[in-house]
Amino acid sequence: MEKVELPGWDLGPVYFSEKIDSTNNYLKMLAGKGAPAGTVVWSREQTGGRGRRGRKWMSPRGGLYFSVLLHIQKGIKPSFSLVVGGSVIKALETRDVPGLKLKWPNDIFRGSKKVGGILCENLSGNLIVGIGLNLKPIKNLDFEEKFLPGNLGELQQYLPEEIIGLILRELKEDFQVYQEQGFCFFREKLQGRSFLLNRRVQVDNFSGEVMGYGEKGQLILKLPGGAFKEIWQGTVVLLEEG
Ligand code: BTN
């Protein structure tokens, strides 16, 4: 691990490695030793990258894999990963990456392909936010959802530290607002970026049409009988359109 600088990032130290098992794991270890808020771990490659629900996150060289430590004042809700997704999209839009959407609760899509993911892990007051973005084609992505992996190849023209710095600065601002005002502040904007809005989906035993997000970031489904169902966790599978 080497200490490096990220443009515009002064909240905490940044540790860089060419190869690591998982930036979330390493940051967890640092957090356990009292690392300050804003500590970042970034690696060019991960050998044990992790996704939500115990899935693997394939992390070959060429992608962006990093984690940031945030100290939370009160319990953070699962909706925060949506807010993080919004920060990533805003940052990338400043570099003319169009058409990015969020698939509840933590996936970043372009078109019908997944191009990135977010893994938030809460350890008593320490929140580890891990972000992974594909910049190159990925072959064996281990996806339970069966979505094809896509990539953000156009970002290869930038230095990785520039893109990571941009994302972290957006995230820092959004985290501040989230702590003060909660998910409500972001709800409408994030809904506009939803990959699932008005689509038919299945989540565990429920299927229905996605109506949007609730006040706390829960997914609202309209069931075939017309009743509404709030979904707080689970994996969303898209049903055939039409
Ligand atoms: C998902 O799609 O389920 C979330 C994927 C999150 C991957 C990132 S890459 C950086 C950080 N380190 C990990 O091991 N996972 C996250």
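Given the structure is predicted, the values throughout are model-derived calculations rather than measurements.

**Student:** Provide a residue-level description of the packing of helix α3 (residues 160-181) against helix α4 (residues 184-192), including the pertinent values.
**Tutor:** With their axes 8 Å apart at the nearest point, α3 and α4 run at an angle of 125 degrees to one another. Viewed along their axes, α3 and α4 adopt a mutual orientation that is oblique. Taken together, the residues of α4 that come into contact with α3 (itself represented by Asp174, Val177, Tyr178 and Gln181) are Cys184, Phe185 and Phe186. In terms of residue class, the contact of α3 with α4 is made up of 5 nonpolar, 1 polar and 1 charged.

**Student:** For the sheet that holds strand β11 (residues 219-222), give the residues involved together with the corresponding values.
**Tutor:** With antiparallel pairing, the 5 strands of this open sheet are ordered in space as β12-β11-β10-β9-β13. Every interior strand has two partners, whereas the edge strands, β12 (228-231) and β13 (236-238), have only one. When the angles between neighbouring strand axes are averaged without regard to direction, this sheet yields 45 degrees. In the sheet, β11 pairs with β12 via 4 bridges, with the strands oriented antiparallel. Within β12, the position partnered with Leu221 by the bridge is Lys229.

The rules behind these values
- Residues numbered from 1 in each chain as written.
- Predicted model: local features only at pLDDT ≥ 70, side-chain atom pairs only at ≥ 80, totals over all residues.
- Heavy atoms only, no water.
- Axes fitted to C-alpha atoms, helices over the stretch in contact; angles between N-to-C directions.
- Helix = DSSP H or I, 4+ residues; strand = E, 2+ residues; numbered from the N terminus.
- Parallel < 35°, antiparallel > 145°, perpendicular 65-115°, else oblique.
- Contact = heavy atoms within 4.5 Å.
- Nonpolar A, V, L, I, M, F, W, Y, C, P; charged D, E, K, R; others polar.
- Pairing = 2+ DSSP bridges.

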